Amino acid sequence: MLSHLSIENIAVIEKADIDFTEGLNVLTGETGAGKSIVVDSINAVLGERTSKELVRHGAENAFVSAEFDGLCNDVVEKLKELELDDGGDTLVITRKISAQGKSTCRVNGYPCTAGMLKTLSSYLVNIHGQHDSQALLNPDLHYHFIDLLCESSKPLDDYKQSFKKLVAVRKRLKELTVDADEKDRQLELLSYEIKELSEADIKIGEREELKARRNMIINSQSIINSLNSVISALNGDDETSGIETLCASAYKEMESVASVDGELKAVYEKLAELADVSEAVKDLAVSKLNSIDYSEQELELIEARLDLLYRFSNKYGETEEEMLSYLESAEKRRDSIVNSDEELVKLNAEYDSAFEETVKNAKVLSEYRRKTADLFEKDVKAQLEFLDMPKIQFVVDFDKGNLSSTGFDKIEFLISTNPGEPPKPLAKIASGGELARIMLAIKNILAVKDSVQTLIFDEIDTGVSGRASRKIGLRLKSVSKHTQVICVTHSAQIAACADEHLLILKQFEGNRTYTSVKSLNFDERKHELARIMGGIEITDTLLKSAEELLNEE
């Protein structure tokens, strides 16, 4: 769960540290105090897109840090997958945003991209604001709610696998059914590439061998000079004796006295070794000298071959292995085009089989979804009855569409708010307050299935009456028993249900606006509820009503 949030220079918040608890955390405050900025800050640290406008005026950078503890297995596994796991029991995410709009992200001190952060955050927090109701208004997204509730993912996984195969076969068919002129162009190009690569007779490792040989030729004169100097030093000349002769002379000189004592014998033996070594060195030098054979023509041929391999590396692959692999692939593509008529017949049969399998799996998936939808309808109805919508009729409507990556089901949520009226699409019927309650009902149902440990609701009470707000508060309280809930609200009825009540305060100093966050005790909560409920002045009557709300569990 989210245990701590630190905010610096985000909009009107210069600096704020917020400690969240388990259960239901509620944030209240006057309009414009910065309640939604807290949610914006959480969005930012979770990898959502940000802009330089988020940075407080006059500041060079904005900074947000979020600490999570009690990590579930899904989060731990995702951290390992992203190579961001430090082995600890907590997770710390930071994001720094410059006044120029650039940002840097870190997870447990490791740098990461906003994309990686967003992937990880989907396992940590679900944020539901007023705009999230748009998901309920978009029928194209309704299937996702049903799939989340399915007991098993196998029907969907089987369908996706068969659909992926179908798409691959269809793509291959499309490639084979290109017009005749395009086929001729492809054949001409492939034939040229195959001829060029085949005639080149590329061998794996030859480029390194050629480079080594070129280096040898370029340095051959220096090598010859050095070897001659070595041989001359060993052989000597008319004026001076060589090392080999000197060693032999010294060896004979020691021969007569070697038996006098052990140390002299050791000198004698070492001289024998030295004579052998000098002879061996001379033999190696002479052998190498005799083996050196080169010509300017060979060097030109090597340069030409290396140039060809360089040009091929730009066309067919950097290494010899990649060039040969390209040749093999080109030959297969050429053969495929040449034999396309036969392959076309084969692929058509394969497509028919894949299509049949995909339709079969789509039917299984659709039936599984329908069974899940029946239970979903009943659960939503029960939730809405509790939320003061007893007369509402909620229907998951199924229609058949074209095969897609998600099946052939066209799923849409329909409601009827008045008895006797046929269910119609949510977008045409539901008010803002009704949408908020329907969304809460669905989220409450999904919360049990979802491994995400923190749910955030941003002003879910918009357009909702006092009695319904109380019911929403109780439902949020219920959800918070197994999932941490953070709620931004203007409703006293919802705020009264909080386990932790945080007040967002806006203050003015000089010409600047500052926002702070304060955890409220019972008496402070009573005054805050009275402020939310009341008029210009906080009266004893309002305070009493607020106290009753707080004691009404």
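Data block above holds the structure.
Throughout what follows, the structure given in this document is the object of discussion.

**Overview of the layout of surface pockets**
It is the rolling of a water-molecule-sized probe over the atoms that shows where space remains empty.
And step 1. The computed volume of the second largest pocket comes to approximately 240 Å³.
And step 2. For the second largest pocket, the lining is made up of 14 residues, of which Pro 139, Asp 140, Asp 409, Lys 410 and Ile 411 are closest to its centre.
And step 3. When residues of the lining of the second largest pocket are traced back to their parent elements, those giving at least two are strand 9 (393–404) and strand 10 (407–416).
And step 4. For the lining of the second largest pocket, the class distribution of residues is 3 nonpolar, 5 polar and 6 charged.

**What about unusual backbone geometry?**
And step 1. Look at Glu 83: it is not a glycine, yet its phi comes out positive at around 60 degrees.
And step 2. Residues other than glycine seldom take positive phi values, yet Asp 201 does so here, at roughly 50 degrees.

**Focus on the packing of helix 10 (residues 243–255) against helix 11 (residues 262–291)**
And step 1. Look at helix 10 against helix 11: their axes get within 9 Å of each other, and the N-to-C directions meet at 155 degrees. Accordingly, the angle class assigned to the pair helix 10 and helix 11 is roughly antiparallel. The way helix 10 lies across helix 11 gives a crossing that is left-handed. Here helix 10 contributes Ile 243, Glu 244, Cys 247, Ala 250, Tyr 251, Met 254 and Glu 255 to the contact with helix 11, which in turn contributes Leu 264, Val 267, Tyr 268, Leu 271, Ala 272, Leu 274, Ala 275, Ser 278, Glu 279 and Lys 282.
And step 2. Residue composition of the contact of helix 10 with helix 11, by class: 12 nonpolar, 1 polar and 4 charged.

**Re the sheet that holds strand 2 (residues 13–19)**
And step 1. With respect to topology, 6 strands assemble into an open sheet ordered 2-1-4-5-6-7, the strand pairing being antiparallel. This sheet does not close on itself; its edge strands, each paired only once, are strand 2 and strand 7 (110–112). Taken pair by pair, the neighbouring strands of this sheet meet at an average axis angle of 15 degrees, ignoring direction.
And step 2. In terms of strand pairing, strand 5 (residues 90–98) meets strand 6 (residues 103–107) through 5 bridges, oriented antiparallel. Each residue of the ladder has a partner; that of Ile 97, found in strand 6, is Ser 103.

**Section: a nonpolar patch on the surface**
And step 1. A cluster of nonpolar side chains, namely Val 230, Val 277 and Val 281, defines an oily patch on the protein surface of about 200 Å² accessible area.
And step 2. With respect to the helices and strands, Val 230 occurs in helix 9 (residues 220–235).

**Description of the side chain of Thr 483**
And step 1. Topologically, Thr 483 is positioned in the loop between helix 17 (466–479) and strand 13 (484–488).
And step 2. Within the local environment of Thr 483, its side chain forms a polar contact with the side chain of His 482, the two groups lying 3.2 Å apart.

**Here we look at empty space enclosed by the protein**
And step 1. The final tally for this structure, using the stated rule, is 1 cavity of 30 Å³ or more.
And step 2. The space that makes up the largest cavity amounts to roughly 40 Å³.
And step 3. Considering the residues around the largest cavity, the lining is formed by Met 1, Phe 68, Leu 71, Val 75, Tyr 123, Leu 124, Gln 453 and Thr 454.
And step 4. Taken together, the residues of the lining of the largest cavity break down into 6 nonpolar, 2 polar and no charged.

**Quick look at the environment of Gln 100**
And step 1. Inspection of the secondary structure assignment puts Gln 100 in the loop between strand 5 and strand 6.
And step 2. Exposure remark for Gln 100: the relative accessible area of 63% places this residue in the exposed category.
And step 3. Sequence separation between Gln 100 and Tyr 159 is 59 residues, and the spatial gap between their C-alpha atoms is 46 Å.

**Some remarks on the nonpolar core**
And step 1. Membership of the largest hydrophobic core comes to 47 residues, with the highest contact counts inside it found for Phe 376, Val 396, Phe 413, Ile 438 and Leu 476.
And step 2. Element by element, the count of residues in this core is highest for helix 16 (residues 432–447), at 7 residues.
And step 3. Formed by 46 residues, the second largest nonpolar core is a distinct cluster that contains Val 38, Leu 46, Val 75 and Leu 84.

**Considering the state of the cysteines**
And step 1. Taken as a whole and judged by the stated rule, the model has 0 disulfides.
And step 2. Counting only cysteine sulfurs, Cys 105 is the nearest neighbor of Cys 112, a cysteine outside any disulfide, at a range of 5.3 Å.
And step 3. Taking relative accessible area as the criterion, Cys 112 reaches 12% and is therefore assigned buried.
And step 4. Free cysteine Cys 487: the closest other cysteine sulfur is in Cys 497, separated by 9.8 Å.

**Examining the packing of aromatic side chains**
And step 1. Per the counting criterion, the structure on display carries 8 aromatic pairs.
And step 2. Geometrically, the ring pair formed by Phe 145 and Phe 413 is tilted, given 5.8 Å between the ring centres and 55 degrees between the ring planes. You can see Phe 145 sitting in helix 5 (residues 142–149) and its partner Phe 413 sitting in strand 10, a full 268 residues away along the chain.
And step 3. Residue class for Phe 413 comes out buried when judged on its relative accessible area of 0%.
And step 4. With a centroid separation of 5.3 Å and 50 degrees between ring planes, the pair formed by Phe 394 and Phe 413 is classed as tilted. Taken together, the positions of Phe 394 in strand 9 and Phe 413 in strand 10 put the pair 19 residues apart, joining distant regions of the chain.

So, how was this worked out
- Residues numbered from 1 in each chain as written.
- Predicted model: local features only at pLDDT ≥ 70, side-chain atom pairs only at ≥ 80, totals over all residues.
- Heavy atoms only, no water.
- 1 Å grid on protein atoms, 1.4 Å probe; cavity = no way out; pocket = protein on both sides within 12 Å on 5 of 7 lines; lining within 4 Å.
- Points joined across faces, edges and corners; volume = space filled by probe spheres on them.
- Helix = DSSP H or I, 4+ residues; strand = E, 2+ residues; numbered from the N terminus.
- Nonpolar A, V, L, I, M, F, W, Y, C, P; charged D, E, K, R; others polar.
- Axes fitted to C-alpha atoms, helices over the stretch in contact; angles between N-to-C directions.
- Parallel < 35°, antiparallel > 145°, perpendicular 65-115°, else oblique.
- Left-handed = near helix turned anticlockwise from the far one by under 90°.
- Contact = heavy atoms within 4.5 Å.
- Pairing = 2+ DSSP bridges.
- Patch = residues over 30% accessible without salt bridge, like charges linked within 9 Å, V, L, I, M, F, W, Y side chains within 5 Å.
- Areas by Shrake-Rupley, 256 points an atom, 1.4 Å probe, with all protein chains shown as cover.
- Salt bridge = Lys/Arg side-chain N within 4 Å of Asp/Glu carboxyl O.
- Polar contact = N/O pair within 3.5 Å; in protein donor to acceptor, adjacent residues only side chain to side chain.
- Buried < 20%, exposed > 50% of the residue type's maximum accessible area, 1.4 Å probe, protein only.
- Core = buried A, V, L, I, M, F, W, Y, C linked by side-chain atoms within 4.5 Å.
- Disulfide = S-S within 2.5 Å.
- Phe/Tyr/Trp six-rings, centres within 6.5 Å; stacked < 30°, edge-to-face > 60°.

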